[in-house]
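For reference, the chains in residue letters:
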Amino acid sequence: MSNHGSHNAKPKDRTDQRAEVALGALASAVLLLIAFMIVFVFSKAWPSFAHNGLAWFGGGGNVDEQLSNIFNSPANPADYVYTMHAWPLLYATALITGVSLLLATTISLLSAMFIVEFAPDAMRRVLQPVVRLLAAVPSVIYGLIGVLVLVPFVGNQVITAGQKESVQYVIQLDGTSILVGILVLTVMITPIMVAIVTDALRAVPRSWTEGAAALGVNRWRALRTVGLRAARPAIVAAAVLATARALGEAIMLSMVSGSVAFAPNPLDGVTFFVEPARTLAATVVDNAEGLSVKPFGQTIYAFAAILLISSFFLSFAGWVARQSMRKYTLQAR
Amino acid sequence: MKNRLRKGALLSALALVVAVPAAVPAAAAAKATITMSGSTSVAPLAALLARKYLSVCRHCVNFKLLQGGSDIGVADVAAGRVTIGNSSRDPKPSDPGGLVFNKIAHDAICLITNRANPVPGIDQAGVKAVFGGSVRSWSGVPGSTQSGTIDLFVRTPASGTQDAFQKIFMGTTKIFSGAGQKASNGLIEQAVQSDPNGMGYVSLFFTRNVNVIPYQGVPCTLRNAKSGQYTGVRNFYMVTRGPAAGAAKRWINWITHTKAASKIIATQWVPLS
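Note that this is a predicted model, so its numbers are computed, not measured.

Calculation rules
Residues numbered from 1 in each chain as written. Chains lettered and ligands numbered in written order. Predicted model: local features only at pLDDT ≥ 70, side-chain atom pairs only at ≥ 80, totals over all residues. Heavy atoms only, no water. Helix = DSSP H or I, 4+ residues; strand = E, 2+ residues; numbered from the N terminus. Rg over C-alpha atoms; globule rule 2.2 N^0.38 Å. Buried < 20%, exposed > 50% of the residue type's maximum accessible area, 1.4 Å probe, protein only. Contact = heavy atoms within 4.5 Å. Areas by Shrake-Rupley, 256 points an atom, 1.4 Å probe, with all protein chains shown as cover. Lys, Arg positive; Asp, Glu negative; His and termini not counted. Charge placed at Lys NZ, Arg CZ, Asp CG, Glu CD. Salt bridge = Lys/Arg side-chain N within 4 Å of Asp/Glu carboxyl O. pLDDT = per-residue confidence, 0-100. Buried area = accessible area lost by both parts, 1.4 Å probe. Polar contact = N/O pair within 3.5 Å; in protein donor to acceptor, adjacent residues only side chain to side chain. Domains from an automatic or database assignment. Disulfide = S-S within 2.5 Å. Pairing = 2+ DSSP bridges. Right-handed = clockwise from strand over helix to strand, strands pointing away.

(A) Fine view of the overall build of chain A. Counting its regular elements, chain A contains 13 helices and zero strands. Here chain A has a C-alpha radius of gyration of 25 Å; the compact-globule value for 333 residues is 20 Å, and the former is much larger. Across its three principal directions, the C-alpha atoms of chain A cover 80 × 55 × 35 Å. Counting every position in chain A, which comprises 333 residues, the buried fraction comes to 44%. Excluding contacts between residues fewer than 6 apart, the proportion of contacts in chain A whose partners are at least 24 apart in sequence is 79%. Summing over all exposed atoms, chain A offers an accessible surface of approximately 16,900 Å²; the carbon and sulfur share of this is 68%. In chain A, which carries 23 positive and 17 negative side-chain charges, the distance between the mean positions of the two groups comes to 17 Å.

Next comes the structure, spelled out in structure tokens:
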């Protein structure tokens, strides 16, 4: 019997070995692919950064005019135009992503708490699959709804003729706006966060919240002080994932947030929210047509490089945040 | 619909590249090969024409059709990498010397407004004032039934249509920097369709749900574009290094001089004569 067993174990080991090698190769291939992608994007983007230096990240001039000049560069490589001051695009990306993330975090925390602790069973059975379904809806569908319904509504009903006139020589208010962009983006990323936070809250050991209840606090306070605190690393992970999706969102934002490289001015008061802006990802998508013109392509790659860097920083920041929270959490047990 | 047609044309172009050399390997050595690269707007037309040309002039030529944009076509042909560079823009002063731009077809660009605002006509000064941003209110446009701010919709800088609009309609006047930029003809049509204060420009094909403004007194129709009365027309070119010769000359002559070719062009574009 033991002989039979060892006889059996030998080929099994070999299978394991083969699996190990195959999976290891696959994992290394992925790492290599990522490394190759980084090198490729940065080597393509380098001339744009090199010609502008730190001014690349600054403001000044009109980004669309700069893009147009780059596109119409003379044929001679020595005369290529590279001038680019991308601040309005960076600002738009940070503004739209940041505000959407704030809204989405608030909404998703509250609704996850409701689903886990307060929702009646029947409601929970409906809510959970619906949230997961929403998390999987392709962004272009949100974009279509945005551009066909929300943008005309904001343009024709919300924005007043007076508002339009007040800024008409600077920028055009036609409904494509950071307001619609932020709204649709929030709707897009909230379900992902709800799904992750719900799972995390459910994973908090019952005894912890029960311990709190035994000390006399109510369910709301136990959830807030014990449940949410224990689930913090998961909340950070959810936020990182949602931000990554928001950063990379191109098609939907290109459709609804306005395709003008304009930096909305908070000093304009309420009008600020209906001013258009264009994120980095949307700029890449909108201008893909000109990739074949060399300096123009290199500028587009520079936008892509910034997006790549920000997503790395995002993952890194998420990791750091989770490390510092470890002592309060499940892993610390 | 147009996109689907174009996609079909592109696919068939790819098929041409693959199928034609494979079909007659024996004769291939003796045959001339015409390589083309450049404008993505011209490519579908070139593919349709090439397919027809192969059926009338069997085994006389091979085609290879690549894309990349007008500027790529011009650069490629100047460097001798291709026989013909396709271009949907006019010659630029910065283009390399010695190139011949052979005109093969026209494409009309129409000015559009919302159905609720049937502007009866506009001249070039009017277009310059509106798209340049010096007139920002519909009350400054004669014949407009709307009041309030004009919402302009234009194409992104990389677009060939944008380039053509700038040259034909705007001259040296800069387009208003606050205008909404759209990535395609379809998005401009949609924006103007849903915005009573909207105005934009599109290729003739995208005008079904909007009001088309007569430009300098001439309505933007295929017929007027063909007759030459409508001046908002851009050209499609096949660019050669020096005057076309040999197989390329016969091919360009066939496009510009035969009924069969102009029939294909007339389905979506404007033939030369």
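(B) A look at the pattern of salt bridges. Applying the stated criterion across every chain, the model contains nine salt bridges over all chains. Lys174(B) serves as the salt-bridge partner of Glu65(A), at 3.5 Å between the closest nitrogen and oxygen. Residue Glu65(A) is located in helix α2 (residues 63-71), and its partner Lys174(B) is located in the loop between α6 (160-170) and β6 (180-182); the two belong to separate chains. When its relative accessible area of 54% is taken as the criterion, Lys174(B) is described as exposed. Residues Asp107(B) and Arg234(B) are paired through a salt bridge, measuring 3.0 Å at the closest nitrogen-oxygen approach. Taken as a pair, Asp107(B) in strand β4 (residues 99-113) and Arg234(B) in strand β9 (residues 233-241) lie far apart in primary sequence, 127 residues in all. Asp107(B) sits in the buried class, given a relative accessible area of 3%.

(C) Quick look at the environment of Val130(A). Here Val130(A) lies in helix α4 (residues 121-135). Val130(A) sits 72 residues away from Arg202(A) along the chain, and the two C-alpha atoms are 18 Å apart.

(D) Focus on the confidence of the model for chain A. Here chain A shows a mean pLDDT of 88. Residues at 70 or above account for 94%. At the level of individual helices and strands, chain A shows its lowest average pLDDT in helix α1 (residues 2-52) of chain A, which scores 84, and its highest in helix α3 (residues 87-118) of chain A, which scores 94.

(E) Structural view of the side chain of Asp195(B). Tracing the backbone shows Asp195(B) in the loop between α7 (185-194) and β7 (198-203). The charged side chain of Asp195(B) is buried without a salt bridge, its nearest counter-charge being Lys164(A) at 4.9 Å. The residues contacting Asp195(B), other than those within four sequence positions of it, are Asn156(A), Asp174(A), Asn114(B), Asp151(B) and Phe153(B).

(F) Spotlight on the environment of Gly297(A). Residues and elements named next belong to chain A. Residue placement: Gly 297 occurs in helix α13 (residues 294-325). Along the chain, Gly 297 and Leu 102 lie 195 residues apart, while their C-alpha atoms are 34 Å from each other. Once you skip the residues sitting within four places of it in the chain, Gly 297 turns out to touch Gly 290 and Leu 291.

(G) Quick look at the interface of chain A and chain B. Facing the 33 residues of chain A at the interface are 35 residues of chain B. Between chain A and chain B lies a buried interface of about 2,700 Å² when both sides are counted; carbon and sulfur atoms form 48% of it. At the boundary of chain A with chain B, the tally comes to two salt bridges. Between the two partners, chain A and chain B, sit 10 residue pairs in polar contact (both at pLDDT 80 or more). Going through the elements one at a time, α2, α5 (139-158) and α6 (161-166) of chain A are the ones with two or more residues in the side of chain A that touches chain B. At five residues, the largest contribution of residues to the side of chain A that touches chain B is made by α2(A).

(H) Main features of the domain arrangement of chain B. You can read the domains of chain B as domain 1 (26-104 + 237-268) and domain 2 (108-233). Spacing between the C-alpha centres of domain 1 of chain B and domain 2 of chain B amounts to 31 Å.

(I) Representation of the state of the cysteines in the model. All names here are of chain B. Going through the model one piece at a time under the given rule, you end up with two disulfides over all chains. Residue pairing for Cys 57: its cysteine sulfur links by disulfide to Cys 60, the two sulfurs lying 1.4 Å apart. Between Cys 57 and Cys 60, the S-S dihedral sits near 120°, and the bridge is therefore right-handed. Shown here is the disulfide that connects Cys 110 with Cys 220, its sulfur atoms set 1.9 Å apart. Between Cys 110 and Cys 220 the disulfide shows an S-S torsion of about -60°. By sign, it is left-handed. Residue Cys 110 is found in strand β4, and its partner Cys 220 is found in the loop between β8 (211-213) and α8 (222-227); the two are separated by 110 residues along the sequence. Taken as a pair, Cys 110 and Cys 220 share a single burial class, namely buried. Once the bonded cysteines of chain B are numbered in order along the sequence, the disulfide links fall as 1-2, 3-4.

(J) Just the pairing of strand β5 (residues 151-155) of chain B, in detail. All names here are of chain B. For β5, the buried fraction is high: five of the five residues fall into the buried class. The alternating pattern of β5 places Asp 151, Phe 153 and Arg 155 and Leu 152 and Val 154 on opposite faces, both of which are buried. Sheet analysis places β5 next to β7, joined by three bridges and oriented parallel. Following the sheet pairing, Phe 153 is matched in β7 by Gly 200.

(K) Up close: the pairing of strand β1 (residues 32-38) of chain B. Most of β1(B) is tucked away, with five of its seven residues classed as buried. Handedness of the crossover is the feature at issue here: the chain leaves β1(B), passes through helix α3 (residues 42-56) of chain B, returns alongside strand β2 (residues 61-65) of chain B, and the resulting connection is right-handed.

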